[in-house]
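Analysis of the macromolecular model
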Amino acid sequence: MTAFIDIEVAYAPLQKDKQILKQLRVPTGATVEQAIKLSKLIDEFPEIDLLKNKIGIFSKFTQRDTILQSMDRVEIYRPLKIDPKEARRIRAKTKKTDNNN
């Protein structure tokens, strides 16, 4: 008899304003990659590429072959729209311009 654990898989697509959260029951010993495939998020969002997208469990980067524990939340991270350093430069420049008016 196979034992199961309950987990979640989360993804925040660019086209939507909210996070997609799927609750799953997976076999004990399932990996992060297996859980993502079982969630079918790859079918819904073809931009997800497990060779390119970083993944994590509760905001800590992990590998696709990591064995899941009960109640883990697997997160699929999308690429950044803009480099954080560039975003800070733009904000600083905008703030400086606003203060001169």
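The structure we're discussing is the one just above.
Here's what I pulled together on the structure shown here. (Residues numbered from 1 in each chain as written. Predicted model: local features only at pLDDT ≥ 70, side-chain atom pairs only at ≥ 80, totals over all residues. Heavy atoms only, no water.)

On to the environment of T66, then. Mapped onto the elements, T66 comes out in the loop between strand 4 (60-62) and strand 5 (73-76). In this structure T66 comes out as partly exposed when scored by relative accessible area, which is 23%. The residues touching T66, leaving out its near neighbours within four places in the chain, are A30, T31, V32 and I57. A polar contact of 3.0 Å, which involves the side chain of T66, links it to the backbone oxygen of Q63. (Helix = DSSP H or I, 4+ residues; strand = E, 2+ residues; numbered from the N terminus. Buried < 20%, exposed > 50% of the residue type's maximum accessible area, 1.4 Å probe, protein only. Contact = heavy atoms within 4.5 Å. Polar contact = N/O pair within 3.5 Å; in protein donor to acceptor, adjacent residues only side chain to side chain.)

Take the sheet that holds strand 1 (residues 4-11) next. The strand order across the open sheet built from five strands is 2-1-5-3-4, with neighbouring strands paired in mixed fashion. Two strands lie at the open edges of the sheet, namely strand 2 (20-27) and strand 4, each paired on one side alone. Taking each pair of neighbouring strands and ignoring which way they run, the sheet shows an average axis angle of 35 degrees. The pairing of strand 1 with strand 5 spans four bridges and is classified as parallel. (Pairing = 2+ DSSP bridges. Axes fitted to C-alpha atoms, helices over the stretch in contact; angles between N-to-C directions.)

Our focus in this paragraph is the side chain of S39. Note on placement: S39 falls in helix 1 (residues 32-39). A distance of 2.6 Å separates a polar side-chain atom of S39 from the backbone oxygen of I36. Discounting residues that sit within four places of it in the chain, S39 has contacts with V9, K22 and L24.

Attention now moves to the environment of E44. Mapped onto the secondary structure, E44 falls in helix 2 (residues 41-44). It is 15 Å that separates the C-alpha atoms of E44 and Y77, two residues lying 33 residues apart in sequence. At a separation of 2.4 Å, a polar atom in the side chain of E44 contacts the side chain of K22.

Before going further, it helps to examine the pairing of strand 5. Each regular strand carries side chains that alternate between the two faces of the sheet. For strand 3 (residues 55-57) and strand 5, the ladder comprises three bridges, and the chain directions are antiparallel. Bridged to G56 within strand 5 is E75.

By the bridge criterion, eight bridges tie strand 1 to strand 2 in an arrangement that is antiparallel. Across the sheet, D6 pairs through a bridge with R25, a residue of strand 2.

Counted according to the given criterion, the structure contains two aromatic pairs. An angle of 90 degrees between the planes, with centres 5.6 Å apart, marks the rings of F61 and Y77 as edge-to-face. Here Y77 lies in the loop between strand 5 and helix 3 (84-100) and F61 lies in strand 4, a separation of 16 residues in the sequence. The ring of F61 has K54 lying over it, and the distance from NZ or CZ to the ring centre is 5.0 Å. (Phe/Tyr/Trp six-rings, centres within 6.5 Å; stacked < 30°, edge-to-face > 60°. Lys NZ or Arg CZ within 6 Å of the ring centre and 35° of its normal.)

All right, on to unusual backbone geometry then. Here the phi dihedral of S59 falls at roughly 70 degrees; this positive angle occurs in a residue that is not glycine. Structurally, S59 is set in the loop between strand 3 and strand 4. You can call S59 exposed: its relative accessible area is 58%. With a phi close to 75 degrees, M71 is a non-glycine residue in the positive phi region. Tracing the sequence through the fold places M71 in the loop between strand 4 and strand 5. Judged by its relative accessible area of 60%, M71 falls in the exposed class.

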